[in-house]
Amino acid sequence: MKYIYALTLLLISSAAVASEAVVQERLGQYRTQGAGDFDAARGQALWQQEHMQVKLGKQVNCASCHSANLQQAGKHMRTGKRIEPMAPSVNPDRLNDAEKIEKWFTRNCKWTWGRECTAQEKGDILTFLQSK
Amino acid sequence: MKQKKYWGILLLSGCLTLSMATLAWTEDGEGEGHERHERGFLHQAADIGPITNKAYKTECSACHFAYPAGFLPERSWVKIMNNLDDHFGENAELNDKTRLVITDYLRTHAADRLPNRFSRSMLRSVDAGATPLRISETPYFRHKHREIPARMVTGNPKVGSFSNCLSCHSGADKGSFDEHGVTIPGFRQWED
Amino acid sequence: MEVWGLSLRLFHWLLASAFCVAWWSEGRDLRLHMIAGSIIAGLLLYRLIWGFCGDRYARFSGFRPSRASVVRHLRSLLRLQPGDHVGHTPIGSLMIFALLGCLLLVVLTGMALSGLQMGVGLFSAIHADFSTELLIQDMHRWCLNLLLALVGIHLAGVAAESLLQRRNLVAAMITGKKTIKEVKR
């Protein structure tokens, strides 16, 4: 029984370590692009900031698909497809693939805010997500 | 009279063999061995087949069911893949490398490239000059789903729209759209 | 005496089983459906040829129903009197032609569909537009419905005649033999 505990802990922590490494790499990249200190509280504010989605004709924010509670699953606004929780603490698959992070930043910033996110904003958001 | 009996049996077996042989008859009779096999009735009468490209499956099932390539003509897939920044109102941009891999897969497995009975009928229902972007708007799809009332789909919170294939066609991710495997969530099994 | 030859009996029961398989497999396993359909096509071809050069009771000329004989048969049925028939009864003959004709339609439309939808079979070279394909599909279905009705009547008819003639007609189609009563001259 103890072994299963230990194994699970090891797996989660190794995932956590992997995601930690990736996030740090990303943050480092953003700093070279001109970002300053990163702040989770700012990241949270960005997450909840509402914008008018032109094609949809509605106000949206990140929580519209990803849910305000990051430890819960979200739902695609249009297709209803389940979106696994963003919080790395409950979902070890999150934040451990730099390409995946950038891909979704490109798409979702453009769709939600109508423009690409700045390096500062990405860093703040990543910091916020990592803390959950 | 016994002779007659034997002739009768001979005739019967001959006719049966002949009719079974016609099943092996396909249009464009000559072709490479592998292609011929794919055009044979056993292959074409089967399901549309699962998606065999990992990139397509991963990238294009993040928000919706990954639609089999054989359900749209090549020109439709090309148009979709060239406009990912406005993908039915969403932004589905991809890096060039992945985009090209997926486009290539979709093009080589499109309805006008792969002989399959779904693809053929689908193509036949679409005007040569039209480039349908939604499978659910092709006349073929509409015909197949003509008996389904709106309340079971658009008015059904467990389904939502006709684009949500997997909710009723449970074998869809294996390429199976068999009429007998249809269960509409919230309602009983659908019988044709 | 032997009325139904061996190949005819094989034909009959193969046809019945192939029909059941084709009916069941439609929508469930198209490959099985097409194989069963092809078997029926071959069987029909056999019957067509055999109807012209087969034995006495199998030949079409032997049981072509004339109006008079059908009316006579109908009258005797209504009086619940068995007729004196060795081969096919007049109304039975009508049924056979109806069944064969209907089966032929089902098979032909089926072959057209496999040619159109899969480029397979005798009709593999044909081309048509979508509405024609749907029409052929509808025809395939209508003919099947008609066929089911005919089969129902056929089964009822065999049962009725068996009772009237006091003969097990189903057994006769298996063994081929019927006992013939002395003909009073």
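Residues numbered from 1 in each chain as written. Chains lettered and ligands numbered in written order. Predicted model: local features only at pLDDT ≥ 70, side-chain atom pairs only at ≥ 80, totals over all residues. Heavy atoms only, no water.

S.K.: Describe the overall build of chain B, listing the residues and the values that go with them.
M.R.: Tallying secondary structure elements over chain B gives eight helices and zero strands in all. Overall, chain B shows an N-to-C arrangement of helices and strands of α-α-α-α-α-α-α-α. Taking 2.2 N^0.38 as the reference for a compact globule, 192 residues should give roughly 16 Å; the C-alpha atoms of chain B span a radius of gyration of 21 Å, well beyond that estimate. Dimensions of chain B along its principal axes, counting C-alpha atoms only, are 80 × 45 × 30 Å. Expressed as a percentage of the 192 residues in chain B, the buried residues total 44%. Within chain B, contacts between residues at least 6 apart in sequence are counted, and of these 55% link residues at least 24 apart. (Helix = DSSP H or I, 4+ residues; strand = E, 2+ residues; numbered from the N terminus. Rg over C-alpha atoms; globule rule 2.2 N^0.38 Å. Buried < 20%, exposed > 50% of the residue type's maximum accessible area, 1.4 Å probe, protein only. Contact = heavy atoms within 4.5 Å.)

S.K.: So, the pattern of salt bridges: which residues are in play, and what are the values?
M.R.: Residue and element names in this part refer to chain A. Under the definition given, this model contains 18 salt bridges over all chains. For E102, the salt bridge is made with K122, and the minimal N-O distance between the two is 3.0 Å. Placement of E102 in helix α4 (residues 98–113) and of K122 in helix α5 (residues 119–130) is noted, with a sequence separation of 20 residues between them. Considered together, E102 and K122 belong to a single accessibility category, that of buried residues. Salt bridges here are not isolated pairs; linked through shared partners, they connect E25, R26, E102 and K122. (Salt bridge = Lys/Arg side-chain N within 4 Å of Asp/Glu carboxyl O.)

S.K.: I'd like a rundown of the environment of P185 of chain B, residues and numbers included.
M.R.: Residue and element names in this part refer to chain B. Summarising the element assignment, P185 is placed in the segment after α8 (139–144). Overall, P185 belongs to the buried group, its relative accessible area being 17%. Taking the C-alpha atoms as reference, P185 lies 9.3 Å from P157; in sequence the two are 28 residues apart. The contacts of P185, once residues within four sequence positions are left out, are N156, K158, V159, S167 and C168.

S.K.: Requested: an account of the interface of chain B and chain A, with residues and values cited.
M.R.: For interface size, the figure often reported is the accessible area lost on association. Tallying the contact residues gives 14 residues for chain B and twelve residues for chain A. Inspection of the chain B/chain A interface yields four salt bridges. Note that K110 of chain A and E93 of chain B form a salt bridge whose closest N and O atoms lie 2.6 Å from each other. Our count for the chain B to chain A interface comes out at nine residue pairs in polar contact (both at pLDDT 80 or more). Class assignment for the residues of the side of chain B that touches chain A results in five nonpolar, five polar and four charged. (Polar contact = N/O pair within 3.5 Å; in protein donor to acceptor, adjacent residues only side chain to side chain. Nonpolar A, V, L, I, M, F, W, Y, C, P; charged D, E, K, R; others polar.)

S.K.: Break down the state of the cysteines for me, with residues and values.
M.R.: In this structure the tally under the stated criterion is one disulfide over all chains. Here C109 of chain A is linked by a disulfide to C117 of chain A, with a sulfur-sulfur distance of 1.9 Å. One disulfide, between C109 of chain A and C117 of chain A, carries an S-S torsion of -90° and so falls in the left-handed class. You can call C117 of chain A buried: its relative accessible area is 8%. C168 of chain B forms no disulfide, and the closest cysteine sulfur to it belongs to C165 of chain B, at a distance of 9.1 Å. (Disulfide = S-S within 2.5 Å.)

S.K.: Break down the side chain of S19 of chain B for me, with residues and values.
M.R.: Residues and elements named next belong to chain B. Tracing the chain through its elements places S19 in helix α1 (residues 2–21). Classification of S19 as buried rests on a relative accessible area of 8%. Here the side chain of S19 touches L16 through a polar contact of 3.0 Å, landing on its backbone oxygen.

S.K.: Describe in detail the confidence of the model for chain C, supporting the description with residues and values.
M.R.: Averaged over all residues, the pLDDT of chain C is 86; the fraction at 70 or higher stands at 96%. Note on the complex model: pTM 0.81, ipTM 0.80. (pLDDT = per-residue confidence, 0-100.)

S.K.: Go over the interface of chain B and chain C, please, and point to the residues and values.
M.R.: With 37 residues of chain B at the interface, the matching set in chain C holds 40 residues. Interface area, chain B with chain C, both sides summed: about 3,300 Å², of which 69% is carbon and sulfur. If you sort the residues of chain B by the area they bury against chain C, K4, L12 and R124 of chain B come out on top, with a joint share of 18%. Run the count over chain B and chain C and you get one salt bridge. Here E133 of chain C ties to R124 of chain B by a salt bridge, and the two come within 2.3 Å at their closest N and O atoms. In this assembly, chain B and chain C are joined by eight residue pairs in polar contact (both at pLDDT 80 or more). Within the residue set of the side of chain B that touches chain C, elements represented by two or more residues are α1, α3 (41–44), α7 (117–125) and α8 of chain B. Looking at which element gives the most residues to the side of chain B that touches chain C, the answer is α1 of chain B, with twelve residues. (Buried area = accessible area lost by both parts, 1.4 Å probe.)

S.K.: Run through the packing of α7 of chain B against helix α4 (residues 90–118) of chain C, naming residues and quoting values.
M.R.: Packing of α7 of chain B against α4 of chain C brings their axes to within 8 Å, and their N-to-C directions diverge by 85°. In terms of their interaxial angle, α7 of chain B and α4 of chain C are classed as roughly perpendicular. For the pair α7 of chain B and α4 of chain C, the contacting residues are R117, R120, S121 and R124 of chain B in the first and L116, Q117 and M118 of chain C in the second. Of the residues belonging to the contact of α7 of chain B with α4 of chain C, the class tally is two nonpolar, two polar and three charged. (Axes fitted to C-alpha atoms, helices over the stretch in contact; angles between N-to-C directions. Parallel < 35°, antiparallel > 145°, perpendicular 65-115°, else oblique.)

S.K.: Outline the arrangement of the chains, listing residues and values.
M.R.: Counting contacts across all two pairs of chains that touch, the top-ranked interface belongs to chains B and C. Regarding chain A and chain C, the two do not touch, and the least distance separating their C-alpha atoms is 29 Å.

S.K.: Explain the confidence of the model for chain B residue by residue, including any values.
M.R.: Mean pLDDT over chain B: 86, with 91% of residues reaching 70 or higher. When mean pLDDT is taken per element in chain B, helix α5 (residues 74–81) of chain B scores highest with 96 and helix α2 (residues 33–39) of chain B scores lowest with 55.

S.K.: Break down a nonpolar patch on the surface for me, citing the residues and quoting the values.
M.R.: Nonpolar side chains collect at one region of the surface, where L18 of chain B together with L45, L48, I49 and F52 of chain C lie side by side and expose about 470 Å² of accessible area between them. By residue number, the principal contributor to the nonpolar patch is helix α2 (residues 30–53) of chain C, which donates four residues. (Patch = residues over 30% accessible without salt bridge, like charges linked within 9 Å, V, L, I, M, F, W, Y side chains within 5 Å. Areas by Shrake-Rupley, 256 points an atom, 1.4 Å probe, with all protein chains shown as cover.)

S.K.: An account of the nonpolar core is requested, with residue identities and associated values reported.
M.R.: Ranked by size, the top nonpolar core spans 34 residues in total, and within it W4, L8, F11, I40, Y46 and L147 of chain C carry the most contacts. Secondary-structure elements contributing two or more residues to this core are α1 of chain B together with α1 (6–25), α2, α4, α5 (130–165) and α6 (169–175) of chain C. With residues near it in sequence (within four places) discarded, F11 of chain C still touches L12 of chain B together with L43, Y46, R47 and L100 of chain C. Residues Y67, L94, M122 and F141 of chain B belong to the second largest nonpolar core, which totals 30 residues. (Core = buried A, V, L, I, M, F, W, Y, C linked by side-chain atoms within 4.5 Å.)

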